[in-house]
Amino acid sequence: MKKWMTVPVVAAAAMLALSAAAFADGWTKENNQWVYYQNGYKVTNDWRTSADGGYYYLDGSGNMAVNSFIDYDRYVDGEGRMVTSGWRQIDGKWYYFDSNGKLIREKSKQINGVYYFFNYEGYMETGWVQDSNGEWYYCDPGDGHRLSGVWKYLEPAEEMSVDDSNSSMLDDGVYWYYFQSSGKMVRGDAGAYKEATINGARYAFDEYGRMTTGWVKLNDTDPAIAGWKYYNDSTALGTYGAAHTGWLSAYPPEDQDLGSDVAWYYFDNKGTPYYGTDVSLSDDDENLVAKFRRLTNNGKTSTYLFNKYGNPVYGLRKVSRSNGTVTSMYFGTKQESCLQLGEKSITEADGTVSAFHFESNGYGTNGVKNNKLYYMGKLQKAVDDDYAYYTVNGVTWLVNKSGTVVKNHNKRKDPQDVEYRSDSAGHKDGGTETDSELLVPEFVISEL
(Lines give C-alpha, C1' and ligand atoms only; values in the text may rest on other atoms or scores of the structure.)
Protein backbone atom coordinates (compact mmCIF):
# COMPACT_ATOMS: atom_id res chain seq x y z
CA MET A 1 0.00 0.00 0.00
CA LYS A 2 2.64 2.45 0.92
CA LYS A 3 4.64 1.90 -2.26
CA TRP A 4 1.55 2.09 -4.49
CA MET A 5 0.57 5.50 -3.17
CA THR A 6 4.00 7.02 -3.77
CA VAL A 7 3.98 6.62 -7.54
CA PRO A 8 1.04 8.98 -8.39
CA VAL A 9 2.45 11.74 -6.23
CA VAL A 10 5.77 11.68 -7.99
CA ALA A 11 4.06 11.59 -11.40
CA ALA A 12 1.80 14.59 -10.59
CA ALA A 13 4.78 16.66 -9.50
CA ALA A 14 6.55 15.88 -12.74
CA MET A 15 3.51 16.89 -14.78
CA LEU A 16 3.21 20.24 -12.99
CA ALA A 17 6.87 20.95 -13.64
CA LEU A 18 6.40 20.25 -17.33
CA SER A 19 3.28 22.53 -17.48
CA ALA A 20 5.12 25.44 -15.87
CA ALA A 21 7.95 25.03 -18.30
CA ALA A 22 5.57 25.02 -21.24
CA PHE A 23 3.83 28.25 -20.16
CA ALA A 24 6.68 30.41 -18.92
CA ASP A 25 5.76 34.07 -18.23
CA GLY A 26 6.35 36.57 -21.04
CA TRP A 27 5.83 36.77 -24.76
CA THR A 28 5.45 33.72 -26.92
CA LYS A 29 3.95 32.82 -30.25
CA GLU A 30 1.02 30.46 -30.59
CA ASN A 31 -0.67 29.61 -33.86
CA ASN A 32 1.29 32.41 -35.49
CA GLN A 33 -0.12 34.92 -32.94
CA TRP A 34 1.80 36.70 -30.24
CA VAL A 35 0.46 36.12 -26.75
CA TYR A 36 1.62 37.01 -23.28
CA TYR A 37 1.63 34.74 -20.21
CA GLN A 38 1.67 35.91 -16.65
CA ASN A 39 1.67 33.46 -13.73
CA GLY A 40 1.04 30.77 -16.27
CA TYR A 41 -2.10 32.40 -17.65
CA LYS A 42 -2.68 34.16 -20.94
CA VAL A 43 -3.23 37.93 -20.51
CA THR A 44 -6.40 39.33 -22.15
CA ASN A 45 -7.83 42.83 -22.62
CA ASP A 46 -4.74 44.52 -21.25
CA TRP A 47 -1.48 46.19 -22.22
CA ARG A 48 2.02 44.80 -21.88
CA THR A 49 5.42 46.16 -22.73
CA SER A 50 8.15 44.57 -24.81
CA ALA A 51 11.92 44.73 -24.88
CA ASP A 52 11.71 47.57 -27.41
CA GLY A 53 9.92 49.75 -24.83
CA GLY A 54 6.67 49.78 -26.76
CA TYR A 55 3.20 48.99 -25.49
CA TYR A 56 1.16 46.18 -27.00
CA TYR A 57 -2.44 45.18 -26.45
CA LEU A 58 -3.79 41.66 -25.85
CA ASP A 59 -7.38 41.28 -27.04
CA GLY A 60 -10.17 39.20 -25.52
CA SER A 61 -8.62 36.01 -26.92
CA GLY A 62 -5.20 36.93 -25.64
CA ASN A 63 -3.82 37.64 -29.09
CA MET A 64 -1.76 40.76 -29.71
CA ALA A 65 -3.90 43.31 -31.59
CA VAL A 66 -2.62 44.95 -34.79
CA ASN A 67 -3.93 47.87 -36.92
CA SER A 68 -6.73 48.45 -34.44
CA PHE A 69 -8.29 51.13 -32.28
CA ILE A 70 -8.32 50.19 -28.62
CA ASP A 71 -11.39 51.52 -26.78
CA TYR A 72 -11.51 54.41 -29.32
CA ASP A 73 -8.71 56.15 -27.43
CA ARG A 74 -5.54 54.47 -28.66
CA TYR A 75 -4.28 52.72 -31.75
CA VAL A 76 -1.82 49.91 -32.43
CA ASP A 77 0.02 49.71 -35.74
CA GLY A 78 0.76 46.77 -37.99
CA GLU A 79 3.45 45.58 -35.59
CA GLY A 80 1.01 45.82 -32.71
CA ARG A 81 2.81 48.72 -31.10
CA MET A 82 0.79 51.59 -29.58
CA VAL A 83 1.13 54.77 -31.66
CA THR A 84 2.39 57.79 -29.68
CA SER A 85 3.37 61.41 -30.28
CA GLY A 86 2.43 62.01 -33.84
CA TRP A 87 0.18 61.87 -36.84
CA ARG A 88 -1.15 58.65 -38.29
CA GLN A 89 -3.30 58.24 -41.40
CA ILE A 90 -5.83 55.48 -40.92
CA ASP A 91 -8.31 54.51 -43.63
CA GLY A 92 -7.69 57.82 -45.39
CA LYS A 93 -8.25 59.95 -42.29
CA TRP A 94 -5.67 61.71 -40.16
CA TYR A 95 -5.42 61.23 -36.40
CA TYR A 96 -3.06 62.64 -33.82
CA PHE A 97 -1.85 60.83 -30.69
CA ASP A 98 -0.21 62.42 -27.65
CA SER A 99 2.93 61.18 -25.86
CA ASN A 100 0.84 58.69 -23.88
CA GLY A 101 -0.77 57.35 -27.02
CA LYS A 102 -4.06 59.07 -26.23
CA LEU A 103 -6.13 60.01 -29.25
CA ILE A 104 -6.99 63.75 -29.53
CA ARG A 105 -10.79 63.97 -29.72
CA GLU A 106 -13.51 66.63 -29.71
CA LYS A 107 -11.20 69.63 -29.43
CA SER A 108 -8.66 71.78 -31.22
CA LYS A 109 -4.96 71.33 -30.68
CA GLN A 110 -1.92 73.36 -31.56
CA ILE A 111 0.69 71.20 -33.28
CA ASN A 112 3.96 72.73 -34.44
CA GLY A 113 2.46 76.22 -34.10
CA VAL A 114 -0.68 75.45 -36.11
CA TYR A 115 -4.16 74.63 -34.85
CA TYR A 116 -6.20 71.64 -35.98
CA PHE A 117 -9.70 70.44 -35.10
CA PHE A 118 -10.47 66.83 -34.18
CA ASN A 119 -14.04 65.53 -34.01
CA TYR A 120 -15.64 63.07 -31.58
CA GLU A 121 -14.26 60.15 -33.59
CA GLY A 122 -10.79 61.63 -33.28
CA TYR A 123 -9.92 62.32 -36.88
CA MET A 124 -8.84 65.71 -38.19
CA GLU A 125 -11.61 67.83 -39.68
CA THR A 126 -11.39 69.89 -42.85
CA GLY A 127 -13.64 72.60 -44.29
CA TRP A 128 -16.23 74.26 -42.06
CA VAL A 129 -15.99 73.50 -38.33
CA GLN A 130 -18.24 74.72 -35.51
CA ASP A 131 -17.04 74.56 -31.93
CA SER A 132 -19.08 73.90 -28.79
CA ASN A 133 -19.69 77.65 -28.38
CA GLY A 134 -21.26 77.93 -31.81
CA GLU A 135 -18.30 79.76 -33.36
CA TRP A 136 -17.39 78.92 -36.94
CA TYR A 137 -13.91 78.17 -38.30
CA TYR A 138 -12.54 76.91 -41.58
CA CYS A 139 -9.81 74.29 -41.95
CA ASP A 140 -7.76 73.87 -45.09
CA PRO A 141 -9.19 71.01 -47.18
CA GLY A 142 -5.66 69.86 -47.92
CA ASP A 143 -3.62 69.71 -44.72
CA GLY A 144 -6.42 70.59 -42.27
CA HIS A 145 -4.77 73.58 -40.59
CA ARG A 146 -7.14 76.16 -39.15
CA LEU A 147 -7.23 79.36 -41.22
CA SER A 148 -6.52 82.63 -39.42
CA GLY A 149 -6.17 86.23 -40.54
CA VAL A 150 -7.34 85.46 -44.09
CA TRP A 151 -10.24 85.96 -46.49
CA LYS A 152 -11.94 82.97 -48.06
CA TYR A 153 -14.51 82.77 -50.87
CA LEU A 154 -16.78 79.88 -49.91
CA GLU A 155 -20.19 78.31 -49.98
CA PRO A 156 -21.74 78.46 -46.50
CA ALA A 157 -21.81 75.35 -44.34
CA GLU A 158 -25.02 73.32 -44.67
CA GLU A 159 -25.59 73.64 -40.93
CA MET A 160 -25.64 77.44 -41.11
CA SER A 161 -29.26 77.49 -42.39
CA VAL A 162 -28.52 80.66 -44.33
CA ASP A 163 -31.52 82.90 -45.02
CA ASP A 164 -31.24 84.34 -48.53
CA SER A 165 -34.47 86.33 -48.39
CA ASN A 166 -32.39 89.50 -48.81
CA SER A 167 -31.83 89.30 -52.56
CA SER A 168 -29.12 91.97 -52.45
CA MET A 169 -26.96 89.41 -50.65
CA LEU A 170 -27.24 86.72 -53.31
CA ASP A 171 -24.00 85.94 -55.09
CA ASP A 172 -24.60 82.53 -56.69
CA GLY A 173 -24.36 80.96 -53.26
CA VAL A 174 -20.69 81.81 -52.75
CA TYR A 175 -19.58 84.58 -50.39
CA TRP A 176 -16.54 86.22 -48.86
CA TYR A 177 -15.75 85.35 -45.25
CA TYR A 178 -13.01 86.59 -42.97
CA PHE A 179 -11.32 84.50 -40.30
CA GLN A 180 -9.66 86.42 -37.47
CA SER A 181 -6.26 85.71 -35.94
CA SER A 182 -8.11 83.47 -33.47
CA GLY A 183 -9.54 81.58 -36.43
CA LYS A 184 -13.10 82.66 -35.62
CA MET A 185 -15.27 83.74 -38.51
CA VAL A 186 -16.39 87.37 -38.18
CA ARG A 187 -20.17 87.61 -37.97
CA GLY A 188 -22.91 89.82 -36.55
CA ASP A 189 -25.47 88.95 -33.94
CA ALA A 190 -28.79 87.47 -35.02
CA GLY A 191 -30.56 89.93 -37.31
CA ALA A 192 -27.69 92.43 -37.12
CA TYR A 193 -24.45 93.31 -38.85
CA LYS A 194 -20.96 93.61 -37.43
CA GLU A 195 -18.28 95.93 -38.76
CA ALA A 196 -14.65 94.85 -38.59
CA THR A 197 -11.49 96.71 -39.57
CA ILE A 198 -9.21 94.56 -41.71
CA ASN A 199 -5.91 95.87 -43.08
CA GLY A 200 -7.08 99.44 -42.45
CA ALA A 201 -10.42 99.10 -44.25
CA ARG A 202 -13.86 98.57 -42.70
CA TYR A 203 -16.13 95.72 -43.75
CA ALA A 204 -19.61 94.58 -42.68
CA PHE A 205 -20.63 90.98 -42.01
CA ASP A 206 -24.12 89.57 -41.48
CA GLU A 207 -25.14 87.02 -38.86
CA TYR A 208 -23.96 84.21 -41.17
CA GLY A 209 -20.51 85.76 -41.56
CA ARG A 210 -21.01 86.85 -45.16
CA MET A 211 -19.29 90.06 -46.22
CA THR A 212 -21.99 92.52 -47.27
CA THR A 213 -21.98 95.20 -49.96
CA GLY A 214 -24.20 98.21 -50.65
CA TRP A 215 -26.17 99.98 -47.92
CA VAL A 216 -25.91 98.39 -44.47
CA LYS A 217 -27.74 99.54 -41.36
CA LEU A 218 -25.44 99.23 -38.36
CA ASN A 219 -27.43 101.16 -35.74
CA ASP A 220 -30.80 102.77 -35.05
CA THR A 221 -30.12 106.50 -35.00
CA ASP A 222 -31.78 109.87 -35.34
CA PRO A 223 -31.50 110.96 -38.05
CA ALA A 224 -31.74 107.52 -39.64
CA ILE A 225 -28.96 108.05 -42.20
CA ALA A 226 -26.39 108.37 -39.37
CA GLY A 227 -26.73 104.64 -38.68
CA TRP A 228 -26.05 103.57 -42.28
CA LYS A 229 -22.87 103.00 -44.25
CA TYR A 230 -22.23 102.05 -47.84
CA TYR A 231 -19.85 99.18 -48.64
CA ASN A 232 -18.39 99.17 -52.13
CA ASP A 233 -20.24 96.82 -54.45
CA SER A 234 -17.84 97.53 -57.30
CA THR A 235 -14.09 97.94 -57.56
CA ALA A 236 -14.84 101.13 -59.50
CA LEU A 237 -15.83 102.66 -56.14
CA GLY A 238 -12.73 101.48 -54.30
CA THR A 239 -11.73 98.29 -52.48
CA TYR A 240 -14.50 95.77 -52.99
CA GLY A 241 -16.59 95.36 -49.84
CA ALA A 242 -14.85 98.16 -47.93
CA ALA A 243 -16.83 101.02 -46.38
CA HIS A 244 -17.03 103.78 -48.95
CA THR A 245 -15.24 107.06 -48.30
CA GLY A 246 -15.67 110.32 -50.20
CA TRP A 247 -18.48 111.18 -52.60
CA LEU A 248 -21.05 108.67 -53.79
CA SER A 249 -24.07 108.98 -56.08
CA ALA A 250 -26.62 106.32 -55.14
CA TYR A 251 -30.21 105.50 -54.37
CA PRO A 252 -30.95 105.86 -50.65
CA PRO A 253 -31.48 102.75 -48.50
CA GLU A 254 -34.69 101.08 -49.67
CA ASP A 255 -36.33 100.39 -46.31
CA GLN A 256 -35.86 103.86 -44.83
CA ASP A 257 -37.76 107.08 -45.33
CA LEU A 258 -34.73 108.73 -46.89
CA GLY A 259 -36.17 109.71 -50.24
CA SER A 260 -36.39 107.77 -53.48
CA ASP A 261 -34.20 109.58 -56.00
CA VAL A 262 -30.54 109.06 -56.75
CA ALA A 263 -28.67 111.54 -54.58
CA TRP A 264 -25.18 112.52 -53.55
CA TYR A 265 -23.66 111.43 -50.24
CA TYR A 266 -20.31 112.05 -48.63
CA PHE A 267 -18.64 109.55 -46.27
CA ASP A 268 -15.75 110.39 -43.94
CA ASN A 269 -12.62 108.25 -43.50
CA LYS A 270 -14.56 105.87 -41.24
CA GLY A 271 -17.35 105.49 -43.78
CA THR A 272 -19.82 107.56 -41.75
CA PRO A 273 -22.09 109.75 -43.89
CA TYR A 274 -22.21 113.50 -43.35
CA TYR A 275 -25.63 114.76 -42.32
CA GLY A 276 -27.28 117.86 -40.87
CA THR A 277 -29.87 118.54 -38.21
CA ASP A 278 -33.25 120.08 -38.93
CA VAL A 279 -34.60 122.65 -36.47
CA SER A 280 -38.27 123.60 -36.54
CA LEU A 281 -38.90 127.28 -35.83
CA SER A 282 -42.67 126.98 -36.04
CA ASP A 283 -45.34 124.65 -37.40
CA ASP A 284 -44.83 125.86 -40.97
CA ASP A 285 -41.18 126.81 -40.88
CA GLU A 286 -37.85 125.03 -40.62
CA ASN A 287 -34.17 125.70 -40.96
CA LEU A 288 -30.88 123.85 -40.88
CA VAL A 289 -28.15 124.08 -38.30
CA ALA A 290 -25.21 125.50 -40.21
CA LYS A 291 -22.55 122.80 -40.04
CA PHE A 292 -20.51 123.26 -43.18
CA ARG A 293 -18.11 120.91 -44.92
CA ARG A 294 -15.34 122.13 -47.16
CA LEU A 295 -14.98 119.32 -49.70
CA THR A 296 -13.57 118.68 -53.13
CA ASN A 297 -15.79 117.35 -55.90
CA ASN A 298 -14.60 116.87 -59.48
CA GLY A 299 -11.44 118.82 -58.69
CA LYS A 300 -13.29 121.85 -57.31
CA THR A 301 -13.27 122.67 -53.60
CA SER A 302 -16.57 124.10 -52.32
CA THR A 303 -18.62 124.42 -49.14
CA TYR A 304 -21.52 122.03 -48.59
CA LEU A 305 -24.35 121.76 -46.09
CA PHE A 306 -25.94 118.34 -45.55
CA ASN A 307 -29.53 117.69 -44.53
CA LYS A 308 -30.93 115.00 -42.25
CA TYR A 309 -31.05 112.57 -45.19
CA GLY A 310 -27.30 112.84 -45.74
CA ASN A 311 -27.59 114.80 -48.98
CA PRO A 312 -25.98 118.16 -49.77
CA VAL A 313 -28.78 120.71 -49.92
CA TYR A 314 -29.50 123.02 -52.82
CA GLY A 315 -31.60 126.13 -53.34
CA LEU A 316 -32.28 129.00 -50.96
CA ARG A 317 -32.07 127.83 -47.34
CA LYS A 318 -32.74 129.27 -43.91
CA VAL A 319 -29.94 128.42 -41.51
CA SER A 320 -29.16 129.01 -37.84
CA ARG A 321 -25.87 130.69 -37.07
CA SER A 322 -23.77 129.76 -34.06
CA ASN A 323 -24.86 133.00 -32.34
CA GLY A 324 -28.50 131.93 -32.53
CA THR A 325 -29.54 134.31 -35.31
CA VAL A 326 -31.24 133.11 -38.45
CA THR A 327 -30.21 134.05 -41.96
CA SER A 328 -30.22 132.74 -45.53
CA MET A 329 -27.71 130.88 -47.64
CA TYR A 330 -27.83 129.79 -51.24
CA PHE A 331 -26.56 126.43 -52.44
CA GLY A 332 -27.28 126.75 -56.13
CA THR A 333 -29.14 124.30 -58.33
CA LYS A 334 -29.44 120.59 -57.58
CA GLN A 335 -26.53 119.98 -59.93
CA GLU A 336 -24.39 122.44 -57.95
CA SER A 337 -25.58 121.79 -54.36
CA CYS A 338 -22.78 123.91 -52.92
CA LEU A 339 -22.51 127.33 -51.34
CA GLN A 340 -22.83 130.33 -53.70
CA LEU A 341 -21.42 133.80 -52.98
CA GLY A 342 -21.93 137.35 -54.20
CA GLU A 343 -24.87 138.63 -56.26
CA LYS A 344 -27.37 136.01 -57.38
CA SER A 345 -30.69 135.96 -59.17
CA ILE A 346 -32.71 133.26 -57.43
CA THR A 347 -36.06 131.66 -58.10
CA GLU A 348 -37.64 131.49 -54.66
CA ALA A 349 -39.94 128.77 -53.38
CA ASP A 350 -43.03 130.69 -54.52
CA GLY A 351 -41.65 131.05 -58.06
CA THR A 352 -40.65 134.70 -57.68
CA VAL A 353 -37.30 135.62 -59.18
CA SER A 354 -35.43 138.01 -56.87
CA ALA A 355 -31.99 139.54 -56.48
CA PHE A 356 -29.85 138.41 -53.53
CA HIS A 357 -26.41 139.07 -52.17
CA PHE A 358 -24.29 136.73 -50.02
CA GLU A 359 -21.18 137.63 -48.08
CA SER A 360 -17.84 135.82 -48.29
CA ASN A 361 -18.93 133.64 -45.35
CA GLY A 362 -22.00 132.60 -47.33
CA TYR A 363 -24.56 134.34 -45.14
CA GLY A 364 -27.16 136.61 -46.73
CA THR A 365 -26.28 140.29 -46.49
CA ASN A 366 -28.08 142.26 -43.80
CA GLY A 367 -27.71 145.97 -44.57
CA VAL A 368 -26.21 147.98 -47.41
CA LYS A 369 -23.89 146.42 -49.98
CA ASN A 370 -22.74 148.25 -53.10
CA ASN A 371 -25.23 150.99 -52.22
CA LYS A 372 -28.16 148.55 -52.21
CA LEU A 373 -30.17 147.42 -49.24
CA TYR A 374 -30.59 143.72 -48.34
CA TYR A 375 -32.38 141.78 -45.63
CA MET A 376 -31.37 138.14 -45.07
CA GLY A 377 -29.69 138.42 -48.46
CA LYS A 378 -32.79 139.57 -50.34
CA LEU A 379 -32.83 142.95 -52.13
CA GLN A 380 -35.21 145.43 -50.49
CA LYS A 381 -36.83 147.66 -53.11
CA ALA A 382 -39.87 149.85 -53.54
CA VAL A 383 -42.82 147.84 -54.76
CA ASP A 384 -46.02 149.88 -54.53
CA ASP A 385 -44.44 153.32 -54.98
CA ASP A 386 -41.32 154.91 -56.40
CA TYR A 387 -39.72 154.85 -52.96
CA ALA A 388 -39.99 152.87 -49.76
CA TYR A 389 -38.62 152.88 -46.22
CA TYR A 390 -37.18 149.64 -44.78
CA THR A 391 -35.68 149.13 -41.34
CA VAL A 392 -32.73 146.71 -41.24
CA ASN A 393 -30.52 146.21 -38.17
CA GLY A 394 -32.33 149.02 -36.38
CA VAL A 395 -31.66 151.60 -39.13
CA THR A 396 -34.37 152.87 -41.52
CA TRP A 397 -33.27 153.37 -45.12
CA LEU A 398 -34.85 155.00 -48.15
CA VAL A 399 -34.65 152.92 -51.35
CA ASN A 400 -36.07 153.18 -54.86
CA LYS A 401 -37.56 150.54 -57.17
CA SER A 402 -34.11 149.09 -57.96
CA GLY A 403 -33.25 148.75 -54.28
CA THR A 404 -30.65 151.50 -54.43
CA VAL A 405 -30.26 153.60 -51.29
CA VAL A 406 -31.52 157.14 -52.01
CA LYS A 407 -29.50 159.90 -50.30
CA ASN A 408 -30.31 163.57 -49.64
CA HIS A 409 -33.86 163.08 -50.79
CA ASN A 410 -36.49 165.75 -50.01
CA LYS A 411 -39.53 165.53 -52.24
CA ARG A 412 -43.24 165.85 -51.77
CA LYS A 413 -45.49 163.61 -53.87
CA ASP A 414 -48.96 165.04 -54.63
CA PRO A 415 -51.87 164.54 -54.43
CA GLN A 416 -51.30 162.05 -51.55
CA ASP A 417 -49.24 164.62 -49.72
CA VAL A 418 -46.63 161.94 -48.98
CA GLU A 419 -43.08 162.85 -48.14
CA TYR A 420 -39.95 160.64 -48.55
CA ARG A 421 -36.93 162.30 -46.94
CA SER A 422 -33.38 160.99 -46.37
CA ASP A 423 -30.05 162.35 -45.19
CA SER A 424 -26.66 162.12 -46.83
CA ALA A 425 -26.29 158.49 -45.80
CA GLY A 426 -29.71 157.46 -47.07
CA HIS A 427 -31.23 157.14 -43.59
CA LYS A 428 -34.82 158.25 -43.08
CA ASP A 429 -34.84 161.95 -42.17
CA GLY A 430 -38.36 163.17 -41.56
CA GLY A 431 -40.97 162.27 -44.14
CA THR A 432 -44.53 161.22 -43.56
CA GLU A 433 -44.54 157.73 -45.06
CA THR A 434 -44.42 154.72 -42.75
CA ASP A 435 -42.01 151.80 -43.12
CA SER A 436 -42.87 149.08 -45.59
CA GLU A 437 -42.95 145.47 -44.47
CA LEU A 438 -39.63 143.79 -45.14
CA LEU A 439 -39.39 141.57 -48.22
CA VAL A 440 -38.64 138.19 -46.60
CA PRO A 441 -37.09 135.37 -48.65
CA GLU A 442 -39.33 132.43 -49.60
CA PHE A 443 -37.18 129.51 -48.52
CA VAL A 444 -37.06 125.95 -49.75
CA ILE A 445 -38.89 123.83 -47.16
CA SER A 446 -38.75 120.38 -48.81
CA GLU A 447 -35.50 118.64 -47.92
CA LEU A 448 -34.94 116.84 -51.22
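Here the structure is a predicted model, which is why all the values come from computation and not from measurement.

### Some thoughts on the overall build of the protein chain
When its secondary structure is counted, the protein chain shows one helix and 37 strands. Counting only residues that meet the buried cut, the protein chain has 40% of its 448 residues in that class. Considering only contacts in the protein chain between residues 6 or more positions apart, those separated by 24 or more positions represent 40%. With an accessible surface of roughly 24,900 Å², the protein chain has 45% of that area assigned to carbon and sulfur atoms.

### Considerations on the confidence of the model for the protein chain
Taken as a whole, the protein chain shows an average pLDDT of 87; of its residues, 86% reach a score of 70 or greater. Low confidence marks residues 1-21, where pLDDT is under 50. Its contacts with residues over four positions away, or in another chain, come to zero contacts. Note on residues 280-284: pLDDT is under 50 here. Beyond four places in sequence and across chains, it has six contacts.

### So, the layout of surface pockets
Here the second largest pocket defines a volume of roughly 300 Å³. Mapped onto the lining of the second largest pocket, the elements with two or more residues apiece are strand 25 (292-297) and strand 26 (300-305). The biggest single contributor to the lining of the second largest pocket is strand 26, with five residues. Residues belonging to the lining of the second largest pocket are distributed by class as follows: seven nonpolar, nine polar and four charged.

### Some words on the pattern of salt bridges
Within this structure, the stated rule accounts for twelve salt bridges. Here aspartate 73 makes a salt bridge to arginine 105, at a shortest N to O gap of 3.3 Å. You can see aspartate 73 sitting in the loop between strand 6 (68-70) and strand 7 (74-76) and its partner arginine 105 sitting in the loop between strand 9 (93-97) and strand 10 (107-111), a full 32 residues away along the chain. A network of salt bridges, in which partner residues are shared, links Glu195, Arg202 and Lys229.

### Observations concerning the side chain of threonine 303
Following the sequence through the fold, threonine 303 ends up in strand 26. Under the relative-accessibility criterion, threonine 303 is labelled buried at 14%. A distance of 3.1 Å separates polar atoms of two side chains, one belonging to threonine 303 and the other to arginine 294. Not counting the four nearest positions on each side in its chain, threonine 303 is found in contact with Phe292, Arg293, Arg294, Cys338 and Leu339.

### Quick look at the side chain of asparagine 119
Along the polypeptide, asparagine 119 turns up in the loop between strand 11 (114-118) and strand 12 (127-130). Of the polar contacts made by the side chain of asparagine 119, one reaches the backbone nitrogen of glutamate 121; its length is 3.0 Å. With residues up to four places along the chain from it excluded, the contact list for asparagine 119 reads Arg105, Glu106 and Glu125.

### Observations concerning the sheet that holds strand 3 (residues 41-42)
On the basis of which strands lie adjacent, the open sheet formed by three strands has the order 1-2-3 and antiparallel pairing. Each having just a single partner strand, strand 1 (26-30) and strand 3 make up the two edges of the open sheet. Relative to strand 2 (residues 33-38), strand 1 runs antiparallel, the two being bridged by five bridges. Paired with glutamate 30 across the bridge in strand 2 is glutamine 33.

### Focus: a nonpolar patch on the surface
The grouping of Tyr153, Trp176 and Tyr240 at the surface amounts to a nonpolar patch, some 290 Å² of accessible area in total. Secondary-structure assignment places tryptophan 176 in strand 15 (residues 175-179). Taking relative accessible area as the criterion, tryptophan 176 reaches 32% and is therefore assigned partly exposed.

### Regarding the sheet that holds strand 16 (residues 194-198)
Read across the open sheet, the three strands follow the order 16-17-18; overall the sheet is antiparallel. Each end of this open sheet is capped by a strand with a single partner; those strands are strand 16 and strand 18 (211-212).

Cut-off values and rules
- Residues numbered from 1 in each chain as written.
- Predicted model: local features only at pLDDT ≥ 70, side-chain atom pairs only at ≥ 80, totals over all residues.
- Heavy atoms only, no water.
- Helix = DSSP H or I, 4+ residues; strand = E, 2+ residues; numbered from the N terminus.
- Buried < 20%, exposed > 50% of the residue type's maximum accessible area, 1.4 Å probe, protein only.
- Contact = heavy atoms within 4.5 Å.
- Areas by Shrake-Rupley, 256 points an atom, 1.4 Å probe, with all protein chains shown as cover.
- pLDDT = per-residue confidence, 0-100.
- 1 Å grid on protein atoms, 1.4 Å probe; cavity = no way out; pocket = protein on both sides within 12 Å on 5 of 7 lines; lining within 4 Å.
- Points joined across faces, edges and corners; volume = space filled by probe spheres on them.
- Nonpolar A, V, L, I, M, F, W, Y, C, P; charged D, E, K, R; others polar.
- Salt bridge = Lys/Arg side-chain N within 4 Å of Asp/Glu carboxyl O.
- Polar contact = N/O pair within 3.5 Å; in protein donor to acceptor, adjacent residues only side chain to side chain.
- Pairing = 2+ DSSP bridges.
- Patch = residues over 30% accessible without salt bridge, like charges linked within 9 Å, V, L, I, M, F, W, Y side chains within 5 Å.

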